[in-house]
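Close look at the chain arrangement
Residues per chain, in single letters:
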Amino acid sequence: MIKKLNAKAYLVTLFFALAIILGFSTNSYAISQADAEKSPEIKVNEIKTDKLDGSKDSVKWYKVKITEPGYFRLTLGPNSDADSDSISWGWNVSLYKKGDLTADIDSLTHVTTKEATMWFAYHPDTYYIKIEPNANYVTSMIPTAAFDLKIEFNKSSVWEQEDNNKNIVANPITVNTTYTGITNVDDDIDWYKFTVTEGGLTTIYLGPDLNLADMEKLKWGWNMSIYTTDLKTEVCKLERVTTATTSKEKVKLKAGTYYVKIGPNSNGYFSPDKQIYNFSVNFEGYSTAIQKTTVPGVKVKAGKKKVTVKWKKISYASGYEIYRSTKPNKGFKKVKSLSAKKTKFVDKKVKSKKKYYYKVKAYVKVNGKKYYTIDPKAKKVKVK
């Protein structure tokens, strides 16, 4: 009988010891949404100094309203006047979304010095904060010191806004703008969408935020893909990104809406859990791109009462135009318009023993308007 009692006593003692070490509490401190609404409101970027009442059931609830897009985090620590005895085993703090007061977004335990949660980028809304003792089994373990609570908020239009874990709630973005996102949990998927009004050339960029990411915790990094609006075609992708990476090849996009998917390369241990990334979709419309280049590989060859002009394709060109003159720097007139499939033109309207100068220009047609390549240097040839 004595052995059985000793065994029970040992188990009870072990349970409480583990509970104290791990910061478990004997009370769940459940609260309804209605009661949470009655909690005192704290302002972003202002320090709230308060304290628990020292009882075993002591708990404090607060609410904070995020009214603009941006990113925020919670910080908690003892007030500067607190001493180690009154801090004791410190505090636990949890952050909750409106409508779900059972599963916290993030939490800190055994807080005895100033600590901060990860950064969050949720949609503007009301959030709730719960502060309780880290251990409340013995009165001496309950902190009586004052604590400083703060929600650090930064307004931003280029941070991810959760929840965007499905394409139907994708964050709208614009091309040629760098955005910031975070993998909140090890299997977090972030969706974005963008629209281009004309066809063009695209590269994508992805990398860790050099100021906010912990480079030692990136593990296998992230994957990034662009999909067509029906999600059936993956247009381009980057895989296992742990450093600043830009796709090597420019991909052609048609006018329309596209989705961007960013997520961990691997879940679990190898996931960049709670790490922050930067990304961008770099897009140049054909109407802009073509004005920065010339038609490549232009060659002219004289024949008997004819001149053959050849060139290499520009993949996105709508067509080509051939110009001719008898002078090197002026007097050029269009002699032929050709489709985008053509790479050769034979000019038979020339005279023997005479010199001619040729130019080849490509163009793209956008909304009924033609945009041309750079005016090239003329190619000289003498007809046989």
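Residues numbered from 1 in each chain as written. Predicted model: local features only at pLDDT ≥ 70, side-chain atom pairs only at ≥ 80, totals over all residues. Heavy atoms only, no water.

**So, the sheet that holds strand β5 (residues 91-97)**
For clarity, the cut-off: Strands were regarded as paired on the criterion that DSSP finds at least two bridges between them. In this text, helices come from DSSP runs of H or I with a minimum length of four residues, and strands from runs of E with a minimum of two, each type numbered from the N-terminal end.
Read from one edge to the other, the open sheet built from 5 strands follows the order β1-β3-β8-β5-β6, with strand pairing classed as mixed. Across the chains shown, the open sheet's two edge strands, defined by having one partner strand only, are β1 (41-42) and β6 (106-111). Where β1 lies against strand β3 (residues 60-65), 2 bridges are found, and the strand directions are parallel. Bridged to I42 within β3 is V64.

**Overview of the side chain of S266**
For the record, the criterion: Relative accessible area decides the class of each residue, using a 1.4 Å probe on protein chains only: under 20% of the type maximum gives buried, over 50% gives exposed, and in between gives partly exposed. Residues count as neighbours in contact if any of their non-hydrogen atoms are within 4.5 Å of one another.
Structurally, S266 can be placed in the loop between β18 (256-264) and β19 (276-285). Residue S266 is classed as buried on the basis of its relative accessible area of 17%. Every residue in contact with S266, bar those within four places of it in the chain, is listed here: D186, W220 and S271.

**Here's the deal with the side chain of D106**
We count it as follows: We define a polar contact as two N or O atoms separated by no more than 3.5 Å, with the added condition that, inside protein, one atom must be a possible hydrogen donor and the other a possible acceptor, whereas residues neighbouring each other in sequence contribute only through side-chain atom pairs.
Looking at the secondary structure, you find D106 in strand β6. Take D106: its relative accessible area is 8%, and that puts it in the buried class. One polar contact links D106 to K274, side chain to side chain, over a distance of 3.4 Å. Beyond its immediate chain neighbours, meaning those up to four positions away, D106 contacts V93, S94, L95, T117, M118, F120 and K274.

**Overview of the pattern of salt bridges**
Charged atoms that come close allow side chains of opposite charge to pair. Note the threshold: By definition, a salt bridge exists where a carboxyl oxygen of Asp or Glu is found within 4 Å of a side-chain nitrogen of Lys or Arg.
Under the definition given, this model contains 17 salt bridges. D35 is paired through a salt bridge with K38; the nearest N and O atoms lie 4.0 Å apart. Relative accessible area serves as the criterion here: at 67%, K38 is assigned to the exposed category. Notably, a salt bridge pairs K370 with E321, separated by 3.2 Å at the nearest N-O pair. Placement of K370 in strand β26 (residues 369-372) and of E321 in strand β22 (residues 319-325) is noted, with a sequence separation of 49 residues between them. A relative accessible area of 31% means that K370 is categorised as partly exposed. By sharing partners, the salt bridges in this structure join E234, K237 and E239 into a single network.

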